[in-house]
Amino acid sequence: MSAGTLAKPAMRGLLGKRLRFHLAVAFTLSLAAAAGFKFSVTEPRKQAYAEFYKNYDAMKEFEAMREAGVFQSVRPKGQ
Amino acid sequence: MTSYRMIASRALSLVGRRAISTSVCLRGHGVAKVEDYALPAYFDRRESPLPDATFVKHLSSEQLALKEKEKGSWAQMTEAEKLALYRISFNKSFAEMNMGTQEWKSVVAGVFFFIGLTGFVVMWQRTFVYGDVPPTFTEEWIAAQTQRMLDMRMNPVEGFSNKWDYENKEWKK
């Protein structure tokens, strides 16, 4: 009836094989996502904050904001 | 018990005995007729390979002869005969059944069309239904608003005020 016999297909361990494969893939992708986020978002953000506060003069900024008239507790120096 | 019979006979006489008895005769003395949809049906389904019925229900004379030949040795049957037997039992092969259609193109086309139509509806609404936008959207208001946001140093590290050059009083390049 058939031209030649086919190989017997895998009958057992199908779920285990799939899980092993997909577990490895999932771990790798998750680690890659976390590493990517760390080096593209958190490290630049930490740098930006460090740069901002390196030469930050709070009193100077306060006086500038006061002159602009955004505070309710202190008016600009002229008034 | 007797009260039931009395009510039943009263009901029967109201409906008319002749009408009921004729329909009973047509169906053969009260035996229910089985409609086609209630019988085991043929289906092409990947998850159930063997349907409840064969595809061809009324065999022609050649097909009957073939069925007789099937009872003998299969090695003496030709490929064409075996294929004919298959096609008696099944409508589509697995390959034919699983074949994709071009339907998705129509679906995508319909989706785009109705999105476009909705665009027209929205444009009409904007012109003829909605009133004016609040004064907070005027140029002067937005300018004053932006100046105030810069004055109070909103998001000075990475955000809004970070993009403004306070020395030169212009946006950073």
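For the structure itself, look to the data block above.
Everything quoted here is computed from the prediction, not taken from an experiment. (Residues numbered from 1 in each chain as written. Chains lettered and ligands numbered in written order. Predicted model: local features only at pLDDT ≥ 70, side-chain atom pairs only at ≥ 80, totals over all residues. Heavy atoms only, no water.)

A. Expanded view of the packing of helix 3 (residues 61-70) of chain B against helix 4 (residues 79-89) of chain B. All names here are of chain B. Two numbers describe how helix 3 lies on helix 4: the axes approach to 11 Å, and their chain directions differ by 110 degrees. Of the possible angle classes, the one that applies to helix 3 and helix 4 is roughly perpendicular. The crossing of helix 3 and helix 4 is left-handed. Residues Gln-63, Leu-66, Lys-67, Lys-69 and Glu-70 of helix 3 lie in contact with helix 4, whose contacting residues are Glu-81, Ala-84, Leu-85 and Ile-88. (Axes fitted to C-alpha atoms, helices over the stretch in contact; angles between N-to-C directions. Helix = DSSP H or I, 4+ residues; strand = E, 2+ residues; numbered from the N terminus. Parallel < 35°, antiparallel > 145°, perpendicular 65-115°, else oblique. Left-handed = near helix turned anticlockwise from the far one by under 90°. Contact = heavy atoms within 4.5 Å.)

B. Just unusual backbone geometry, in detail. Residue and element names in this part refer to chain B. At Arg-153, a residue that is not glycine, the phi angle is positive and equals roughly 60 degrees. Relative to the assigned elements, Arg-153 resides in the loop between helix 7 (139-151) and strand 1 (164-165). Residue Arg-153 is classed as buried on the basis of its relative accessible area, which comes to 13%. In this structure, Lys-169 takes a positive phi of about 55 degrees despite not being glycine. Mapping Lys-169 onto the fold places it in the loop between strand 1 and strand 2 (170-171). Under the relative-accessibility criterion, Lys-169 is labelled exposed at 63%. (Buried < 20%, exposed > 50% of the residue type's maximum accessible area, 1.4 Å probe, protein only.)

C. Examining the interface of chain B and chain A more closely. Counting residues at the interface gives nine residues for chain B and 11 residues for chain A. Taking both sides of the interface into account, the surface hidden between chain B and chain A amounts to around 940 Å²; carbon and sulfur atoms contribute 64%. When the buried area of chain B at its contact with chain A is split by residue, Arg153(B), Val157(B) and Glu158(B) rank highest and sum to 53% of it. On inspection of chain B and its partner chain A, the count reaches two salt bridges. Residue Glu61(A) is joined to Arg153(B) by a salt bridge in which the shortest nitrogen-to-oxygen separation is 2.9 Å. Our enumeration of links across chain B and chain A arrives at two residue pairs in polar contact (both at pLDDT 80 or more). Taken together, the elements giving at least two residues each to the side of chain B that touches chain A come down to helix 4 and helix 7 of chain B. Residue classes in the side of chain B that touches chain A are distributed as three nonpolar, no polar and six charged. (Buried area = accessible area lost by both parts, 1.4 Å probe. Salt bridge = Lys/Arg side-chain N within 4 Å of Asp/Glu carboxyl O. Polar contact = N/O pair within 3.5 Å; in protein donor to acceptor, adjacent residues only side chain to side chain. Nonpolar A, V, L, I, M, F, W, Y, C, P; charged D, E, K, R; others polar.)

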